[in-house]
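A look at the structure
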Amino acid sequence: MTTTILAASENPLLPNGWEMLITAIGFALLLFAAIKWIVPMFERTYAERTEAIEGGLAKAEAAQAEADKARDEYNQQLESARLEAQRIREEARTEGEKILADFKDRANVESARITENAHTAIAAERSAAVVSLRNEVGSLAIQLSSKIVGESLSDDDRSRRVVDRFLSDLEQTPTDAGAHQ
Amino acid sequence: MHLPPFFEIGSFEFAKHTVLIFLSVVLIAGFFMWAIRKQALVPAKGQFLGEMGYGFVRNSLGRDIIGEKEFRPWIPLLFSFFFFILVNNLFGSIPVLQLPTLSHPGSAYVLAGIAYISWVFIGIKRHGFGHFMAKMTMPPDVPKALYVFLIPIEFISNLIIRPVTHALRVFATMFAGHMAIMVAASLLGFLLSDVGGLGGILGGAGALLLGIFIYFLEVLIQVLQAYIFTLLFAVYVDGALQEGH
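Residues numbered from 1 in each chain as written. Chains lettered and ligands numbered in written order. Predicted model: local features only at pLDDT ≥ 70, side-chain atom pairs only at ≥ 80, totals over all residues.

The line we're drawing: UniProt positions are given in the numbering used here, feature names are shortened, and annotations may be inferred rather than shown by experiment.
Per an unreviewed UniProt entry, the recorded name for chain B is ATP synthase subunit a, and the organism is Kocuria coralli. Regarding chain B, the relevant UniProt record gives this comment under Sequence similarities (unreviewed entry): "Belongs to the ATPase A chain family." Entered under Function (unreviewed entry) in the UniProt record, the comment concerning chain B runs "Key component of the proton channel; it plays a direct role in the translocation of protons across the membrane."

Naming follows an unreviewed UniProt entry, where chain A appears as ATP synthase subunit b of Kocuria coralli. Reading the Subcellular location (unreviewed entry) entry of the UniProt record for chain A gives the comment "Cell membrane".

Structure follows, in structure tokens:
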């Protein structure tokens, strides 16, 4: 009790010089440790952590970008493949049409040629037939008429003229009708 | 009030106060260096705790007040102030130790003095002596005539009262808290031994409750004072660094 009263009677605001020195030394030691070790170590850890996080983010971003690029490329390829397919289909269609038209043309030409040939052959055969027929009918008629008329018709030139005239008369009427059938 | 010193060398008394100061330095430096020894990117429990304490001072007292650009050089001082005062204050609430070091005025004067010298020094270094003085004593946007009164008032308030209150605030709260606990303890002892009987026991129980209440109030104040001291220091540094008035 007495010590308490004694202490209370001192002015509590008056510092003890030794205590001030001790506090200063103690604080200086702590500050030294903080400057030399504690703060640098904590700051380094913080910086490393920030770097690690930012590095991870950057890496993820790069991967994302790469994936985007691959997807774009794939889409582009798909698009170009589609265009290519369309082009090929279009080409095939035109080609087909062309081939078809070609074949049609060729068939037409062929059929026209065949018809033409047939016409020519028919005409040739007909004229051949006419010629041979004319000759045969002529000689037959002359043989027949000479038998009937006698010598008078043995002259060749004369008889031929007679036969020709007869035949052309013949052709004009009933043969025409026969040819039309 | 004070225990007798353990030993004396001349006028130097090697007492509990001295032991506690050095104990606090060993505890703080030891804990934080142990906590960060691995510098792991993913912290374990110890490192997490250390980072929580360090990050609190660094971010909410340093970065948020002094600013992103300038706070880094001040981290060691802020860190040392906060944890030195915190641990030394809490010694007042630890049984057996039971002495908040800053209840001895010399310690508070030294810490406030270091803070004062630091911010005044950086202010003068940054702005030059004349501009710094103008910054401290001539608030802007005031009619010129008022400077006759304002310059002395601002000078006294910013450059003289500021460090004094900085020191006395922490000293006085620690001193008063220490006294309050002692009063509660003396009351308990007096009621139990000198009064005795039923009244003494009942009164003693009341005094015990009072003492426990004051104890927890003291813990709160001890933490708060460490925070306030460091916060004010950061505000002073920020004021000294800022451009303009």
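Now that the structure has been shown, we can carry on.
1. What about the overall build of chain B?
Here is the rule: In this text, helices come from DSSP runs of H or I with a minimum length of four residues, and strands from runs of E with a minimum of two, each type numbered from the N-terminal end. Burial is judged by counting other C-beta atoms within 10 Å of a residue's own C-beta: 20 or more means buried, 12 or fewer means exposed, and anything between counts as partly exposed, with every C-beta placed from the backbone. Any residue pair is listed as a contact if its two C-beta atoms, each placed from the backbone, are within 7 Å.
For chain B, the count of helices and strands is seven helices and two strands. Starting at the N terminus and walking to the C terminus, you meet the elements of chain B as β-β-α-α-α-α-α-α-α. For chain B, buried positions account for 35% of its 245 residues. At a minimum sequence separation of 6, the contacts of chain B that also span at least 24 residues come to 61%.

2. As for the nonpolar core
Here is the rule we go by: In this description, a nonpolar core means buried residues of the types Ala, Val, Leu, Ile, Met, Phe, Trp, Tyr and Cys, linked to one another by C-beta atoms lying within 7 Å.
Ile38 of chain A together with Leu78, Phe79, Phe81, Phe82, Ile85 and Phe233 of chain B are the most contacted members of the largest nonpolar core, which has 58 residues in total. When residues of this core are traced back to their parent elements, those giving at least two are α2 (17-149) of chain A together with α1 (16-35), α2 (45-66), α3 (75-90), α4 (105-127), α6 (147-195) and α7 (197-241) of chain B. Top contributing element to this core by residue count: α3 of chain B, with 11 residues. Sequence-distant contacts of Phe233 of chain B, that is, excluding residues within four places in its chain, are made with Leu78, Phe81 and Ala115 of chain B.

3. Topic: the interface of chain B and chain A
Basically, it comes down to this: Each residue gets one of three labels, nonpolar for Ala, Val, Leu, Ile, Met, Phe, Trp, Tyr, Cys and Pro, charged for Asp, Glu, Lys and Arg, and polar for the others, Gly among them.
Each partner contributes residues to the interface: chain B has 34 residues there, and chain A has 32 residues. Secondary-structure elements contributing two or more residues to the side of chain B that touches chain A are β2 (12-14), α1, α2, α3 and α4 of chain B. Among the elements that line the side of chain B that touches chain A, the one with the most residues is α1 of chain B, at 10 residues. Residue classes in the side of chain B that touches chain A are distributed as 23 nonpolar, nine polar and two charged.

4. Observations concerning the environment of Val87 of chain B
All names here are of chain B. Positionally, Val87 belongs in helix α3. Taking the C-beta count within 10 Å as the criterion, Val87 has 22 such neighbours and is therefore assigned buried. Considered as a pair, Val87 and Leu20 are 67 residues apart in the sequence and their alpha carbons are 9.4 Å apart. Here Val87 is in contact with Ser24, Leu27 and Ile28, once residues within four sequence places are set aside.

5. Describing the environment of His104 of chain B
Positionally, His104 of chain B belongs in the loop between α3 and α4. On the basis of neighbour count, His104 of chain B is assigned to the buried category, with 27 C-beta atoms found within 10 Å. Sequence separation of His104 of chain B and Ala172 of chain B is 68 residues, and the distance between their C-alpha atoms is 9.3 Å. Among residues more than four places away in sequence, those in contact with His104 of chain B are Asn16 and Glu19 of chain A together with His17 of chain B.

6. Here's the deal with the UniProt feature "transmembrane region" (unreviewed entry) in chain B
Here, the residues flagged by UniProt with the feature "transmembrane region" (unreviewed entry) are residues 14-36, 74-94, 106-124, 170-191, 198-217 and 223-241 of chain B. End C-alpha to end C-alpha, residues 74-94 of chain B measures 30 Å, and it is 76% helix and 0% strand.

7. As for α2 of chain B
Residues and elements named next belong to chain B. To keep things clear, this is the line we draw: Multiplying one less than the number of residues by 1.5 Å gives the expected span of a helix. The angle between axes fitted to the seven residues ending at a residue and the seven residues starting there is what we call the bend at that residue.
Compared with the 32 Å implied by 1.5 Å per residue over 22 residues, the 30 Å span of α2 between its first and last C-alpha is a close match. A maximum bend of about 30° is found in α2 at Gly55. Among the residues of α2, Gln47, Gly50, Tyr54, Val57, Arg58, Leu61, Gly62, Ile65 and Ile66 are the ones counted as buried. Phi turns positive, to about 105°, at Gly67, one or two residues after α2.

8. Quick word on unusual backbone geometry
All names here are of chain B. One non-glycine residue, Val96, lies in positive phi territory at about 75°. Looking at the element boundaries, Val96 is found in the loop between α3 and α4. Here Asp141, not a glycine, exhibits a phi torsion of approximately 60°, which is positive. Examined against the element boundaries, Asp141 turns out to sit in the loop between α5 (129-137) and α6.

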